[in-house]
Amino acid sequence: MTHSHKTPGSLMAAESAESMQVFARAASQKVDGTVIGAPRAIYTIARGSSDAAANILSYEFMRELGIPATSLPPSVFSIGEGVGLNGAAAVVISQSGSSDDLVRSAKGARKAGAKVVAITNKADSAVEAASGTKVPIEAGPELAVPATKSVIGSIGAGMALLGATKPAYRAQIQQSLDAIAGITVQHPETAGLQAALLRARHVYVIGRDTGFGAAHEVALKLKECCALHAEAYSSSEVLHGPLQLATNPLMVLMLDTGQPEVQDSLDQAEARFHAIDCDVHRVRPADLGCDPVTPATAAAILLALMYPIILNTALALGLDPDAPATLSKVTQTT
């Protein structure tokens, strides 16, 4: 896929710079409280970056609603016969809203008894029509192949949906938006993080809770934009078999949401990686002087911090992150 712009990375740079404004608009929108009602479980259906946003949201849904929230592969509906979803809600997340497998999933989930809501960036999309209800991202046109502002906007839209389902959560949304208003989303160690990525051949991106979903998205972007081998792990799971890979040169990027309950796990993983001489970097929203925010907001901030660093790493490697050679904006899968 090619674009008519002249400066490599200019689209991704402009779009990612809008991310937190898009997030604030999406998170503060009013959503009808009957959209998903009081489901017994929530199932997310998405791929790629949208699935990373869904992972982030699933932790927030479970914490606030006390019900299971997990991902269903689209293939359950697109090539399978579906599963029973009576009493459940299905949240289909798609920036373009045009992938056939997600359209079939939305139709299949409704037929299986779920209340289905689409989180999309394209009004009147096929996924939206198949879902019946929507919570729009409204990020505006996104022309770079790597999705940035629409991913962060998806998180905000999901938070607005949660606020409709649990009205008390709306105060947490507003508190978070107040905390991030006016902050400059640039990490003080930007140069050091970029230098570490340029040295790296293998990267572990580590998170916990909503930070784990953010880790999936950052690892995906490192592959997509920089052609850099990166894997996402929970700070608990990585200390099992995957730790052995650290006997080879390894950069470890830790995405810390600042939640008190995940600190011990992240600290333990950081200590183990330091002990075997890995190149370890830990990034927190608090690095910006940001007040405590919801865990999903913290994940959004971490993505907004990392996107420009990934972009500039790609440019330093001689790559154009706006149009990766093997990728296209809309991926059709089954």
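That block above? That's the structure.
Here the residue index of a chain counts from 1 through its sequence in written order. Residues qualify for local features only when their pLDDT is at least 70, as the model is predicted, and side-chain atom pairs are given and counted only at 80 or more; totals for whole chains, interfaces and linings, by contrast, use all residues. Heavy atoms throughout the structure, all of them, feed into the side-chain values; hydrogens and water do not.

Peer 1: Break down the sheet that holds strand 7 (residues 229-234) for me, with residues and values.
Peer 2: When DSSP locates at least two bridges between a pair of strands, those strands are taken to pair. Each helix corresponds to a stretch of at least 4 residues labelled H or I by DSSP, and each strand to a stretch of at least 2 residues labelled E; elements are numbered beginning at the N terminus. In space, the four strands of this open sheet follow the order 7-6-8-9, with parallel pairing throughout. Where the open sheet ends on each side, the last strands, each with one partner, are strand 7 and strand 9 (279-283). The mean angle between the axes of side-by-side strands here comes to 20°, regardless of whether they run parallel or antiparallel. Here strand 6 (residues 202-207) runs beside strand 8 (residues 251-255); their pairing, made up of four bridges, is parallel. Looking at the pairing, Ile206 lines up with Met254 of strand 8. Residue contacts are counted whenever heavy atoms from the two residues lie within 4.5 Å of one another. Only C-alpha atoms enter the line fits that serve as axes; for helices the fit covers just the stretch in contact. Angles between N-to-C directions range over 0 to 180 degrees. Helix 9 (residues 190-199) contacts strand 6, strand 8 and strand 9 of the sheet and is inclined by roughly 140° relative to strand 9. Packing against the sheet, helix 10 (residues 210-226) makes contact with strand 6, strand 7 and strand 8, and its axis sits at approximately 175° to strand 7.

Peer 1: Give me the lowdown on the pairing of strand 7, citing residues and values where you can.
Peer 2: As judged from the six bridges shared by strand 6 and strand 7, these two strands associate in the parallel manner. Within strand 7, the residue paired with Val203 across the bridge is Ala230. Viewed with both strands pointing away, a crossover whose connecting path from the first strand over the helix to the second turns clockwise is right-handed. Between strand 6 and its parallel partner strand 7, the chain crosses via helix 10, and the hand of that crossover is right-handed.

Peer 1: Mind laying out the pattern of salt bridges, listing which residues take part and the relevant values?
Peer 2: Salt bridges, as used here, are contacts in which a Lys or Arg side-chain nitrogen is within 4 Å of a carboxyl oxygen on Asp or Glu. One pass over the structure, following the stated rule, counts 13 salt bridges. The closest approach of N and O atoms between Arg63 and Asp209, which form a salt bridge, is 2.3 Å. Of the two residues, Arg63 sits in helix 3 (residues 48-65) while Asp209 sits in the loop between strand 6 and helix 10, which places them 146 residues apart along the sequence. Throughout this description, buried means an accessible area under 20% of the type-specific maximum (1.4 Å probe, protein chains only), exposed means over 50%, and partly exposed covers the range between. Residue classification places Asp209 among the buried residues on the basis of a relative accessible area of 16%. The closest approach of N and O atoms between Glu217 and Lys221, which form a salt bridge, is 2.5 Å. With Glu217 and Lys221 both in helix 10, this residue pair falls four residues apart, about one helical turn.

Peer 1: A description of the sheet that holds strand 1 (residues 42-45) should follow, citing residues and the corresponding values.
Peer 2: Whenever strands of a sheet pair, they do so through backbone hydrogen bonds, lying parallel or antiparallel. The strand order 2-1-3-4-5 describes an open sheet built from five strands, whose pairing is parallel. Looking along the sheet, the strands with just one partner apiece sit at the ends: strand 2 (69-71) and strand 5 (133-134). In this structure, strand 1 lies alongside strand 3 (residues 89-94), joined through four bridges in parallel fashion. Each bridged residue has a counterpart across the sheet, and for Ile45 the counterpart in strand 3 is Val92. Taken strand by strand, helix 7 (residues 149-165) contacts strand 3 and strand 4 (115-120), and its axis lies near 145° from that of strand 4.

Peer 1: Talk me through the side chain of Asp256; I want residue IDs and the actual numbers.
Peer 2: Its location among the elements puts Asp256 in the loop between strand 8 and helix 11 (263-275). With relative accessibility at 1%, the residue Asp256 sits in the buried group. Nitrogen and oxygen atoms within 3.5 Å of one another constitute a polar contact, given that in protein one can donate a hydrogen and the other can accept it, and given that sequence-neighbouring residues count only through two side-chain atoms. Side chain to side chain, Asp256 and Gln263 meet in a polar contact 2.9 Å long. Dropping the residues within four chain positions of it, Asp256 is found in contact with Gln263, Leu266, Arg282, Val283, Arg284, Pro285 and Leu302.

Peer 1: Describe helix 5 (residues 100-111), with residues and values.
Peer 2: Take the number of residues in a helix, subtract one, and multiply by 1.5 Å to get its expected span. With twelve residues, helix 5 should cover 16 Å at 1.5 Å per step; its first-to-last C-alpha distance of 17 Å lies within 8% of that length. Buried within helix 5 we find Asp101, Leu102, Val103, Ser105, Ala106, Gly108 and Ala109. Next to the buried residues of helix 5 lie strand 1, helix 4 (75-78), strand 3, strand 4 and helix 6 (126-131). Looking one or two residues past helix 5, Gly113 carries a phi angle of roughly 105°, positive in sign.

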